[in-house]
Amino acid sequence: MDGEGIMKDLREESGETSIDWRARPSKSSKHGGMSAAVFVLGLQAFEMMAIAAVGNNLITYVFNDMQYPLSKAANIVTNFVGTVFLLSLLGGFLSDSYLGSFSTMLIFGFVELSGFILLSVQAYFPQLKPPKCKMLSSALAQCSEAKGYKALLFFVALYLVALGSGCLKPDIISLGADQFRKEDLKRSRKLSTYFNCAYFAFCMGELVALTVLVWVQTHSGMVVGFGVSAAAMTVGLICLVSGTTLYRKSRPRGSIFTPIAQVFVAAITKRKQVSPSNANMLHGSQTIMLHRDSVTSQTISTLMHTEKFRFLDKACIKNDDQNQTKETPWRLCTVSQVEQVKILISVVPIFACTIIFNTILAQLQTFSVQQGNSMDKRLTKKFQIPPASLQAIPYIMLIFLVPLYETVFVPMARRITGKDSGITSLQRVGIGLFIATFSMVSAALVENKRRASALNNDTLTIFWIAPQFLIFGLSEMFTAVGLIEFFYSQSLDGMQSFLTAMTYCSYSFGFYLSSLLVSLVNKITSSYSGGGWLSDNDLNKDKLDIFYWLLSALSLVNFFNYLFWSRWYSYNPSLSLTMSENQPHEIQESDNQNILNASANNNVDIKIANVP
C-alpha cells in the first residue's frame, strides 16, 4: 500500500472525516481541491472590495454628512477599523467551536450586507441625517452633529459591517485551506499556492476599491458608494453559495477554550507531582492519530510529546491511588491537549513580532497621505492624483509580483531547499519584516528632501513617496501570507479559524500602537524642545523624518527580535508528518509505537521529524 493509502486508513480508523453540504462523509473525487477553493477566493475579493471602499472614504462621510468634528470623526474611523480586526477572534471561535466555517461565513456575510444596505438607506434619505451644513465654513459652530435615532442608525449600520467583516475574515482563509486533504502527498505545495492566491484576491479587491470605487464615491456621492459596496458583497455571497456542493467541511468540536482551561487547571492542581522521565507514562501518549474524549465527545488530533514547558506535562500525570475514583478531564488531560497549549504559548512571540510591522502600515495610511497632500499632485494639467489613492500603488505591483512569486521564485527555491513551498512560512515572515525596515528609511529620506524643498519654495512631485509604498507592498507579500500559512499549519483540527484570526489581531494592535507611539513621542519631545516632533499641523514645521527614522530603527530591532524567537520556536513533530513521493521515511520518535506498527504492517516507513 502506498503512503497516501496509509494516511487515509489511519484517518478513517480513528474517525476523522470531513463532511459535505449534506453532512455526509466527503469524497476526494467530488469535494475539495482548488475547484472548490476558487469560490471562497471569489468571496475574498468581493468582500475586500466592499469593506475597503467604505473604510478608505468613511471619514469623508462621517465628517461631511454625519457632521462630527474632525477629531471625533477620526476616532470613529479608527475604532471601526480596530473593531473589525478584533472581532475576527469571535468569528474564529464560533467557527471552530459551534458553527463551522461555512455556516459562520454565510451568517455573518448577510450581517455585513445588512450593514451596507442600512448605510445606503441613511445616505439616501435626508431626514435620516443632520441638516446640511458646510463643515469647513466659518459657521462651523452652527453645524449640528448626528444625534438620537440618526446617530443610532449610523452606528448600528457601521458596526453590523464591522461584525460581519470581522467574523468572516479568518473563516475565508480556513474554509479555503480545508479544501486540501491532509493525506494529499502534495498538500504543502497546494496550501502554499492557495495562500498566495488568497493574497492575490485580497490585492485585487483592495486595488479596485482604492481606484474605481473611491472614484465613484468622490464623483457620485456616498449613496452610490455604499450601494456599490452592498452590490459587491452580494456578488461575494453568491460566489460562496455557488460552491456549496463542492466544499469539504469540518465538524465543529465544541468550545475550543475548554480543553485549554482543563490543561491549566490540571497542571496547577498537580503542580507538586514529579514529571516522569519516560514520556510514555503520560496519559494519552500512546494514541496514534486521534483521541476521543468520552466525556466531551470531542475529537482531538494527536500531537507527540515535546520537552518545552515541562510544567504543563503535570496535567497528564495519572494518579497512583487505585482506590480513588476516575479522574475527570479537569484533573487529567491527554498529551495532545497539553501540546496544543504549548503551541499556543509558543506562537505568541511570533505574533507579537508582527505588531511593529502593522504600525508601519498605519503610518502609510496616515502621515504618508499627509505628505502627499503637501506635494505636487498633478499627473496632467487637468488631472490630480488623490493622495489616498497612493495606497493602490503596492497593489498594482503585487498583482504582477504574486504570480511571479508562485511561478518563478517558489520553483527555484524548491530546487535549493527541497521544500514544497520553497521556503518555510517563518522564513517568509522574516524576509518581509526585514524589507519593511527600508520602507521607513525611504519615507525618512523623502520627507527630509520634501521639507527642504518646501522651505526653498519648491514643490516635489507626489511620485517621490511612491517607493515607500512599493517597498512595504513587497514586504507585505512575504509577511502577511507567511504569517497566515504559519498559524494555519500550526493549529490542530478544530482550531484553524481561531489561530488564523490572530493574524488579523496583529493589524488591530499595530494601529493602536501607532496612536500610542505618536502620543508618546510628542509628549517626550515636547518636554525638551518646546514642541513635539508631530505636534504641529504643518509638516514643514514638524520633524516627521526623525519619527520615520525612529520607526525604521524599531523595525530593525524587531527583526532581530523575530530572528531569536523564530529560532527558538520548534514545530511539533506530529505537525510535520508528511509523505513525500519517491522518498523512504523513517521514525525519529520511538514513543509512537502505533505509527511504527502501522507502517511495518504495510511495508511503508513514515518520517516524523522536526522542521528546521
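Keep in mind that what you see is a predicted model, and the values were worked out from it rather than measured.

## Quick word on the overall build of the chain
Part 1 of the reasoning: If you tally the helices and strands in the chain, you get 18 helices and 2 strands.
Part 2 of the reasoning: The burial tally for the chain puts 55% of its 612 residues in the buried class.
Part 3 of the reasoning: For the chain, long-range pairs separated by at least 24 residues make up 81% of all intrachain contacts whose partners lie at least 6 apart in sequence.
Part 4 of the reasoning: By element, 62% of the accessible surface of the chain is carried by carbon and sulfur atoms, the whole surface being about 26,900 Å².

## Some points on the packing of helix 11 (residues 355-364) against helix 17 (residues 544-568)
Part 1 of the reasoning: Put simply, helix 11 and helix 17 touch, their axes get as near as 10 Å, and they point 155° apart. The angle between helix 11 and helix 17 falls in the class roughly antiparallel. Viewed along their axes, helix 11 and helix 17 form a crossing whose handedness is left-handed. Of helix 17, the residues touching helix 11 (which contributes Ile356, Thr359, Ile360 and Gln363) are Phe547, Tyr548, Leu551, Leu554, Ser555 and Asn558.
Part 2 of the reasoning: Broken down by class, the residue content of the contact of helix 11 with helix 17 amounts to 6 nonpolar, 4 polar and no charged.

## Focus on helix 15 (residues 466-489)
Part 1 of the reasoning: With 24 residues, helix 15 should cover 34 Å at 1.5 Å per step; its first-to-last C-alpha distance of 35 Å lies within 8% of that length.
Part 2 of the reasoning: At Glu476, helix 15 is deflected by roughly 30°, the largest bend along its length.
Part 3 of the reasoning: Counting buried residues in helix 15 gives 19 out of 24 residues, a clear majority hidden from the surface.

## Observations concerning unusual backbone geometry
Part 1 of the reasoning: A positive phi is found at Gln67, a non-glycine position, where the angle reads about 60°.
Part 2 of the reasoning: Relative to the assigned elements, Gln67 resides in the loop between helix 2 (34-64) and helix 3 (70-86).
Part 3 of the reasoning: Residue classification places Gln67 among the buried residues on the basis of a relative accessible area of 3%.
Part 4 of the reasoning: Not every positive phi belongs to a glycine, and Phe309 is a case in point at roughly 50°.
Part 5 of the reasoning: Mapped onto the fold, Phe309 is located in the loop between strand 2 (298-301) and helix 10 (335-352).
Part 6 of the reasoning: The exposure class of Phe309 is partly exposed, given its relative accessible area of 21%.

## Topic: the side chain of Glu447
Part 1 of the reasoning: Checked against the element boundaries, Glu447 lands in helix 14 (residues 425-455).
Part 2 of the reasoning: Excluding residues within four positions of it along the chain, Glu447 makes contact with Gln371, Leu539, Leu544, Asp545 and Tyr548.

## Considering the pattern of salt bridges
Side-chain pairs of opposite charge can arise where the charged atoms are in close proximity.
Part 1 of the reasoning: Summed over all chains, the structure comprises 7 salt bridges.
Part 2 of the reasoning: The closest approach of N and O atoms between Asp313 and Lys342, which form a salt bridge, is 3.0 Å. Note that Asp313 is positioned in the loop between strand 2 and helix 10 and Lys342 in helix 10, a separation of 29 residues in sequence. Neither Asp313 nor Lys342 differs from the other in exposure class; each is buried.
Part 3 of the reasoning: Salt bridges here are not isolated pairs; linked through shared partners, they connect Arg310, Asp313, Glu339 and Lys342.

## Remarks on the nonpolar core
Part 1 of the reasoning: In terms of nonpolar packing, the biggest core is built from 155 residues, with Tyr194, Phe195, Tyr199 and Phe547 touching the most fellow members.
Part 2 of the reasoning: Take this core: its biggest share by element is 16 residues, from helix 2.
Part 3 of the reasoning: What Tyr194 contacts, discounting residues up to four positions off in sequence, is Met34, Ala37, Val40, Leu41, Ile172, Ile173, Gly176, Ala177 and Phe180.

## Some remarks on a nonpolar patch on the surface
Part 1 of the reasoning: Together, Phe434, Phe438, Leu556, Phe560 and Leu563 make up an exposed nonpolar region whose accessible area comes to about 440 Å².
Part 2 of the reasoning: Those elements that place two or more of their residues in the nonpolar patch are helix 14 and helix 17.
Part 3 of the reasoning: Sorting elements by how many residues they give to the nonpolar patch places helix 17 first, with 3 residues.
Part 4 of the reasoning: Relative to the helices and strands, Leu563 resides in helix 17.

## Topic: the environment of Asn57
Part 1 of the reasoning: Among the secondary structure elements, Asn57 is positioned in helix 2.
Part 2 of the reasoning: When neighbours within four sequence positions are excluded, Asn57 is seen to be in contact with Val214, Gln217, Thr218 and Met222.

## A short note on the packing of aromatic side chains
Part 1 of the reasoning: Enumeration over the complete set of coordinates arrives at 28 aromatic pairs.
Part 2 of the reasoning: Measuring from ring centre to ring centre gives 5.6 Å for Tyr405 and Phe478, while their planes differ by 90°; the resulting arrangement is edge-to-face. Taken as a pair, Tyr405 in helix 13 (residues 393-417) and Phe478 in helix 15 lie far apart in primary sequence, 73 residues in all. Pair check on accessibility: Tyr405 and Phe478 agree, each one buried.
Part 3 of the reasoning: If you follow Lys308 out to its NZ or CZ, it ends over the ring of Trp568, 3.7 Å from the centre.

## Here we look at the confidence of the model for the chain
Part 1 of the reasoning: Overall, the prediction assigns the chain a mean pLDDT of 77, with 81% of residues at 70 or greater.
Part 2 of the reasoning: Ranking the elements of the chain by mean pLDDT puts strand 1 (residues 290-293) last with 37 and helix 5 (residues 101-124) first with 93.
Part 3 of the reasoning: A low-confidence stretch, residues 1-16 stays under pLDDT 50, and its non-local contacts, those more than four residues away or across chains, total 34 contacts.
Part 4 of the reasoning: Ignoring residues within four places in sequence, the model shows residues 577-612, a span with pLDDT below 50, making 74 contacts including any to other chains.

Definitions and cut-offs
Residues numbered from 1 in each chain as written. Predicted model: local features only at pLDDT ≥ 70, side-chain atom pairs only at ≥ 80, totals over all residues. Heavy atoms only, no water. Helix = DSSP H or I, 4+ residues; strand = E, 2+ residues; numbered from the N terminus. Buried < 20%, exposed > 50% of the residue type's maximum accessible area, 1.4 Å probe, protein only. Contact = heavy atoms within 4.5 Å. Areas by Shrake-Rupley, 256 points an atom, 1.4 Å probe, with all protein chains shown as cover. Axes fitted to C-alpha atoms, helices over the stretch in contact; angles between N-to-C directions. Parallel < 35°, antiparallel > 145°, perpendicular 65-115°, else oblique. Left-handed = near helix turned anticlockwise from the far one by under 90°. Nonpolar A, V, L, I, M, F, W, Y, C, P; charged D, E, K, R; others polar. Expected span 1.5 Å × (residues − 1). Bend = angle between axes of the 7 residues up to and from the residue. Salt bridge = Lys/Arg side-chain N within 4 Å of Asp/Glu carboxyl O. Core = buried A, V, L, I, M, F, W, Y, C linked by side-chain atoms within 4.5 Å. Patch = residues over 30% accessible without salt bridge, like charges linked within 9 Å, V, L, I, M, F, W, Y side chains within 5 Å. Phe/Tyr/Trp six-rings, centres within 6.5 Å; stacked < 30°, edge-to-face > 60°. Lys NZ or Arg CZ within 6 Å of the ring centre and 35° of its normal. pLDDT = per-residue confidence, 0-100.

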